[in-house]
Amino acid sequence: MSYDVEKYVALDKKHVWHHLTNHKNFEPAIYVKGEGNRVTDINGKTYLDAVAGGVWTVNVGYGRKEIVDKVAAQMMDMCYFANGIGNIPTIEFSEKLISKMPGMNRVYLSNSGSEANEKAFKIVRQIGQTKHNGKKTGIIYRDRDYHGTTITTLSACGQFERRMQYGPFTPGFYSFPDCDTYRSKFGKCEDLGVKMAKQLEEVILNVGPDEIGGVCCETMTAGGGILVPPAGYYETMREICDKYGILMLMDEVVCGVGRTGKWFGYQYWDFQPDIVTMAKGVASGYAAISCTVTTEKVFEDFLADNTDDFFRDISTFGGCTAGPAAALENIAIIERENLLENCVTMGDYLLDGLKGLMDKHAIIGDARGRGLFAGIELVKDRETKEPLPEPMANAVVGAAKAAGVLIGKTSRSFRGFNNTITLCPALISTKSDIEELVAGIDTALCTIEQKFGL
């Protein structure tokens, strides 16, 4: 199908306010077709999409007719009713999801990761009010993590550039240090995970254990630089939380539903969370849905004998049946096509390829990740680990696109460290796709090294 390019570009520039975009001197890109793990723009150029829809969402690829058909049929039968009333896809999806999450038992639906995390924060605070005489309402978040775009989720945001100019923030939020092993102050040591986790206890004691009701972490830091915590990290954190009666909230908005090679990223560690949130991969972008999942113990704290103490929350679009219908088929595809196994195999192949590029490109300081969730940190000097300036990192993304590969980068995160290339290709990626991706990055790095004399 052909389009009037000039018309749509002009209309876009006239009316559309894009996300995370400085519109000063902005020229829009417009994508009109997606198939598999490729997208085609309005000019007819096709790209390998290594960012799963730009924000790591289209996990099973574009054009999945199975999902579309299931959603269409469900919407004809019953498109919506507020989620105070049951519906079949929500019931079936909740049962299926819980089967992938041993120890968890209750599913609360909403429509975005921000909203899912807001629910989790409200749960912590209401428990503080009803069970702890108004204490234990504080929440600790981790530096470099991101939990959403509302004022309260930004209050728990460890990325300065996402927070700036949006205060004043919701009180009662406190931060503890990140899990960046590449730049760890502890250096290389066998008990790195334990040492990193114990920094949480220092903050708890400084604020006061009676103040803190929850700790919230992205299981693996995403937009803050693709950071994978070391072994022993969450197990130690669980011990600390149990010691002080604190709930563990795991934000799986990016990592959840297969992205790392397990159903949920936290399952790489041996611990039980109290609350898990998810969004992006739940329905792979085919419908808006997010989940706040809790243990039965957390749920039971809201079995009230009065009109005040039950969970008095609502999400308008938590009543849309398209979301759970799409999510059910999304999970079925992951099972049917063995995409968790493929994610591990192709993820290892991708990481090997990225590490191989380090022999050729001195500006790669580190290559890291798990499953099809990977990043390369770009530096001016490997010895000092001085970050590559952000304009140069931006140029790498542009050069990769010119080579036909869409890659991401830490953006609007934290000054001086928006220097990590981010990669989240679809779970359906093949060996040839990964080779094309690595080759595209290689070409982009060669272009930038020559341009800037690196």
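See the structure printed just above.
Now for a description of the structure that goes with this document.

Rules behind the numbers
Residues numbered from 1 in each chain as written. Predicted model: local features only at pLDDT ≥ 70, side-chain atom pairs only at ≥ 80, totals over all residues. Heavy atoms only, no water. Axes fitted to C-alpha atoms, helices over the stretch in contact; angles between N-to-C directions. Helix = DSSP H or I, 4+ residues; strand = E, 2+ residues; numbered from the N terminus. Left-handed = near helix turned anticlockwise from the far one by under 90°. Contact = heavy atoms within 4.5 Å. Nonpolar A, V, L, I, M, F, W, Y, C, P; charged D, E, K, R; others polar. Patch = residues over 30% accessible without salt bridge, like charges linked within 9 Å, V, L, I, M, F, W, Y side chains within 5 Å. Areas by Shrake-Rupley, 256 points an atom, 1.4 Å probe, with all protein chains shown as cover. Salt bridge = Lys/Arg side-chain N within 4 Å of Asp/Glu carboxyl O. Buried < 20%, exposed > 50% of the residue type's maximum accessible area, 1.4 Å probe, protein only.

In the contact formed by helix α4 (residues 88-99) and helix α11 (residues 322-336), the axes pass within 8 Å of each other and the chain directions differ by 35°. When the axes of α4 and α11 are compared, the crossing they make is left-handed. Judged by residue contacts, Pro89, Thr90, Glu92, Phe93 and Lys96 of α4 engage Pro324, Ala325, Ala327, Leu328, Ile331 and Glu335 from α11. Classifying every residue of the contact of α4 with α11 gives 7 nonpolar, 1 polar and 3 charged.

With that settled, the discussion passes to a nonpolar patch on the surface. Residues Met78, Tyr80, Phe81, Ile85 and Phe317 make up a contiguous nonpolar surface patch of about 490 Å² in total accessible area. Considering the arrangement of structural elements, one finds Met78 in the loop between α3 (65-77) and α4. A residue is classified by how much of its surface remains accessible, and Met78, at 40% relative accessible area, is partly exposed.

Topologically, Ser184 is positioned in the loop between β6 (173-176) and α8 (192-207). Spatially, the C-alpha atom of Ser184 lies 47 Å from that of Gly84, the residues being 100 residues apart in sequence.

The omega torsion across Gly167 and Pro168 is 5°, close enough to zero to call that bond cis. Mapping Pro168 onto the fold places it in the loop between α7 (160-163) and β6. With a phi angle near 50°, Asn338 is a residue other than glycine that sits in the positive phi range. Residue classification places Asn338 among the partly exposed positions, given a relative accessible area of 44%. For Arg412, which is not glycine, the phi torsion reads 50° and is therefore positive. If you trace the backbone, Arg412 turns up in the loop between β15 (408-409) and β16 (420-423).

So, about the pattern of salt bridges. Tallied over the entire structure, the rule returns 28 salt bridges. For Lys96, the salt bridge goes to Glu335, with nearest N and O atoms at 3.1 Å. With a gap of 239 residues between them, Lys96 in helix α4 and Glu335 in helix α11 connect regions that are remote in the sequence. Its relative accessible area of 28% is what places Lys96 among the partly exposed residues. For Glu335, a relative accessible area of 30% corresponds to the partly exposed category. Between Lys195 and Asp191 there is a salt bridge, and its shortest N-O distance comes to 3.7 Å. Given the relative accessible area of 34%, Lys195 is considered partly exposed. Its relative accessible area of 35% is what places Asp191 among the partly exposed residues. Taken together, the shared-partner salt bridges in this structure form one network comprising Arg64, Glu66, Lys70, Glu329, Arg336 and Glu337.

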